[in-house]
Every structure is written in structure tokens, then in C-alpha cells.
Amino acid sequence: MATKNTEITPNLIETFKEFKETKNIDRTTLVSVLEESFRNVIAKIYGSDENFDVIVNPDKGDFEIYRNRVVVADGEVEDENKEIALKDAQKIDEDYEIGEEVSEPVNFSKFGRRAILNLRQTLASKVLELEHDNLYNKYKDRVGQIVSGEIYQVWKREVLLVDEENNEMILPKSEQIPSDQYRKGESIRAIILRVDNENNNPKIILSRTSPLFLERLMEAEVPEVNDGLISIKRVARMPGERAKVAVESYDERIDPVGACVGVRGSRVHGIVRELCNENIDVINFTTNTKLFIQRALSPAKVSSISIDEENQKAEVYLLPEEVSLAIGRNGLNIKLASMLTGYTIDVFRQIDESEAEEDIYLEEFSDEIDQWVIDAIKSIGLDTAKQVLNAPREMLIEKADLEEETVDYVLKVLQAEFE
């Protein structure tokens, strides 16, 4: 029986046995990678590997290599790698004749340290390539799904996590909820945002701020959503602060909002906790644009709405006491309503007819208000004193890009005109 190549077995085969156990590589693939690595080195030494047999047994941790050569007449050898002279063949076995094939065991360790080093480098390269392919194939079709990972390292710009197979995943700063606190060793959930594979170096990018993360959490917590009886039509989030979700039921007997919220908020509570106490408003979806905008601005009660479908704009009129509710703290409510509906929403105070007075164009106040301030206010569609006074203070600051002190001064001047 041929002598097995055991001299370098501990450093080569054992490495792959360990790799097989940690990366879940099937035996067929493992054998193929080992064989290909040996053949690459053989080809470099002999010029070709076509006439070699490589037998790998990763379970036992050994391998055998045989070189096959055809017997030719003495003095007629043209390729020493593929042919052997009759006299040399008969030294191996005196029964060999011309035209027969001689199979000889090859002791790989006798090729020298350079060949062994070359083999190890080839193996390492194949291992890395196989590992990258495995990782990419595992995650490429899981984009949009929730994954759990253990926090391995926390850096300023990203958090490094590992899955149950010790594969690395990255949670960038831009995809983290601002109030998230990360500690090494803890387990967190996130959605697979994308899988980059530049230069066959896959990177799994996670997100906790994506609207899809909230949608997947609701699918997990609300059976009716998971079963398809309730559809999540749209999601808008200000991560860690507030979110709005529009839902629709395909069964008239099911209240989609009630089902998603649960008794006393039982179903939504776990999601809120997962998202660092992010408040979640669930509303009924409708294709009626005016009604949808009205629901999106909840808890504010809208008096009337004017829609510009071509430019995706809406002017909403409310009683003075409802304006602050429509805008919300730091403008969150109106921002989320705009994100959810796809419409730019401008909020105005509704004026009682008994309070109606003659209006005044802003140019009449040029002796008290700088012209650039008047131009800035007019650029957002407000031309008269009453229009400015009826517009929310926050809108003047944000859309006209004015300082708070400037806006307060303008409102004071205009208000004095009607007192």
C-alpha cells in the first residue's frame, strides 16, 4: 500500500477539519477545495496536474497523491512528467511493458519547504474565498429580515456584531437609534439592510432605524399581520422618538388599529420597548387623500383641507387650539404626517368670520421690518399680515429659515397693527 503523506497532515488537514466544524462546510466542498489546492501546487512544480490522482480523506486527516506515466521505449521519453522509460518502469515492477501506465505514490513533503509554503498559502486563500462565498450566499437572500447578534465591539462610527456562527455584521452609526446603548456581550436585534460584496469581501450591514424594522417587529407581534389578514400599508419613523403606521384590514370583522395596538397596548408595548420608547401611532389607511391626511395629523382635529395633487401639497386649517397638536413637539407630528402621506403639509389657523378684518400687505411694514425678512416670508407663500399671523410660528422659523427672535419680532409688529 502506498505511504500516506502524514508529515504535513497536522498543519493542513486539521486546519480544514476545524474550518469544516466552524463554518458548516459540507464534506464534498471541503474535499474539492483541498484537492484543487494540491493540484495548483502540483501544476506549478510539474507543469501540469492532468496525470495526477489526488485522494483526500479529511475525516481521517490524510491524503495520497499518485503520478501516472505511460511506459515508452528506452531513449524515447519526451515528457518526463507523463512518460517513463521501460527500464525505469521495470525497476518498479519487472512485469511492466511498453504502453502500460505506471502509477507511483508522490511524497509531497519531499518537494521542499517552498512547495509546502505555497500549498499552505493556496489553502488559506481558498479557505477565505470559500468563507466569503458562504457568508454572502447565506445573507444575500435575507435582506429585509430581522437578525439577532451579539455585540462584539463598539466603535465611534459603528458597532460590530457576530451571529451564532461567529460571522461579523456591522451596524453603522447612521442606522442606530440615537438613544441606543450598546454593551459588549449583549444581544440586540436589527434588520439586514443590505449585503455589500466588493472584491468578494461581503459585509452585512444592519439597521435599527429603517421603517422596515418596525414593520417586521409588528409582523412578529401581531398574528393578524403575520397571517396576512392585516396589511401594513405605510410606515414613517423618527427613530427613537415617534412613528406612524397606516394599516388596513382585509376582514371587515377585524379592527386593524385595535388588533395592532392590543388590549391596553399589550401588542405594541414590546415594540415600543425594543425601539427605545419610540411612540407608535397606528391609523387606518385609506385611498381618500384628504381623509388620510386628516388621520395622519391625529390627535389634532382638522377643520378643512385644500389639496394640490399635482405638487403633492396640502393646506390644512384648524382651530387655534388644535394647531400645536397638529405640529407636535419639535414639529414631529406634522413631519411624520408628511412622510406617511407623501404630501407637504402646511398648517393654518382658522379665523372666525366675526374676527375678520381688513388685511394688510407685508410691504406696508417695510419701515419696521427689514426687506430681506419680508422677502423670506413671501418666499413661502405668505403675502399679508393676516396670513403670517395665522401661520404657525414653527413653520415661519423652519420654512422661511429665520431666527426665532426675528420671527417673534415680526409677529409682535404685525399683531400690534390689529390691536
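Residues numbered from 1 in each chain as written. Predicted model: local features only at pLDDT ≥ 70, side-chain atom pairs only at ≥ 80, totals over all residues. Heavy atoms only, no water.

Draft legend 1. Focus on the overall build of the protein. In terms of helices and strands, the protein carries 15 helices and 15 strands. Here the C-alpha radius of gyration of the protein, 37 Å, is well above what a compact globule of 419 residues would show, namely 22 Å. Counting only C-alpha atoms, the protein reaches 125 × 55 × 40 Å along its principal axes. Expressed as a percentage of its 419 residues, the buried residues of the protein come to 44%. Considering only contacts within the protein whose residues lie at least 6 apart along the sequence, 59% involve residues at least 24 apart. As displayed, the protein has an accessible area near 23500 Å², and 43% of this comes from carbon and sulfur atoms. Here the protein holds 52 positive side-chain charges and 84 negative ones, and the gap between their average locations is 5 Å. (Helix = DSSP H or I, 4+ residues; strand = E, 2+ residues; numbered from the N terminus. Rg over C-alpha atoms; globule rule 2.2 N^0.38 Å. Buried < 20%, exposed > 50% of the residue type's maximum accessible area, 1.4 Å probe, protein only. Contact = heavy atoms within 4.5 Å. Areas by Shrake-Rupley, 256 points an atom, 1.4 Å probe, with all protein chains shown as cover. Lys, Arg positive; Asp, Glu negative; His and termini not counted. Charge placed at Lys NZ, Arg CZ, Asp CG, Glu CD.)

Draft legend 2. Main features of the nonpolar core. If you look at the biggest cluster of nonpolar residues, it comprises 25 residues, and the most contacted ones within it are Ile 369, Ile 377, Leu 382, Val 388 and Leu 414. Those elements giving two or more residues to this core turn out to be α12 (371-378), α13 (385-390), α14 (393-399) and α15 (404-417). Of the residues forming this core, the biggest block, five residues, is contributed by α15. When neighbours within four sequence positions are excluded, Ile 377 is seen to be in contact with Leu 362, Leu 382, Val 388, Ala 400, Leu 402 and Val 410. (Core = buried A, V, L, I, M, F, W, Y, C linked by side-chain atoms within 4.5 Å.)

Draft legend 3. Inspection of the pattern of salt bridges at higher detail. Throughout the structure, instances matching the rule amount to 25 salt bridges. Residue Lys 82 is joined to Glu 50 by a salt bridge in which the shortest nitrogen-to-oxygen separation is 3.4 Å. Of the two residues, Lys 82 sits in the loop between β2 (62-72) and β3 (83-85) while Glu 50 sits in the loop between α2 (27-46) and β1 (52-57), which places them 32 residues apart along the sequence. Taking the relative accessible area as the measure of exposure, Lys 82 reaches 29% and is therefore partly exposed. Of the charged contacts in the structure, one is a salt bridge between Asp 163 and Lys 138, with a shortest N-O distance of 3.2 Å. In this pair, Asp 163 sits in the loop between β6 (158-162) and β7 (168-172) while Lys 138 sits in helix α4 (residues 113-139), placing the two residues 25 residues apart along the sequence. Taking relative accessible area as the criterion, Lys 138 reaches 24% and is therefore assigned partly exposed. What emerges from the salt-bridge pattern is a single network uniting Lys 138, Asp 163, Glu 164 and Glu 165. (Salt bridge = Lys/Arg side-chain N within 4 Å of Asp/Glu carboxyl O.)

Draft legend 4. Expanded view of the packing of aromatic side chains. Under the criterion given, the structure shown has four aromatic pairs. Here Tyr 46 and Phe 52 contribute two aromatic rings whose centre-to-centre distance is 4.9 Å and whose plane-to-plane angle is 40 degrees, an arrangement assigned as tilted. Judged by relative accessible area, which is 25%, Tyr 46 ranks as partly exposed. Take Phe 52: its relative accessible area is 1%, and that puts it in the buried class. Relative to Phe 292, the ring of Phe 285 has its centre 5.1 Å away and its plane inclined at 75 degrees; by these criteria the two rings are edge-to-face. (Phe/Tyr/Trp six-rings, centres within 6.5 Å; stacked < 30°, edge-to-face > 60°.)

Draft legend 5. Inspection of the side chain of Ser 37 at higher detail. Among the structural elements, Ser 37 can be located in helix α2. For Ser 37, a relative accessible area of 0% gives the class buried. Apart from the residues lying within four places of it in its own chain, the contact partners of Ser 37 are Leu 119, Thr 122, Leu 123 and Lys 126.

Draft legend 6. The arrangement of helix α9 (residues 289-296) in detail. Phe 292, Ile 293 and Ala 296 are the residues of α9 that are buried. The buried residues of α9 occupy one face: seen down the axis, they fall within an arc of 100 degrees. (Arc of directions from axis to C-beta.)

Draft legend 7. Examining the pairing of strand β8 (residues 187-198) more closely. In this sheet, β8 lies alongside strand β5 (residues 146-154) in antiparallel orientation, the contact comprising five bridges. When the bridges of β8 are listed, Ser 148 appears paired with Arg 189. As paired strands, β8 and strand β9 (residues 201-207) are joined by seven bridges and run antiparallel to one another. Bridged to Ile 191 within β9 is Ser 207. A loop of two residues connects β8 with β9, the two strands running antiparallel in sequence, and Asn 199 in this loop sits at a positive phi of about 55 degrees. (Pairing = 2+ DSSP bridges.)

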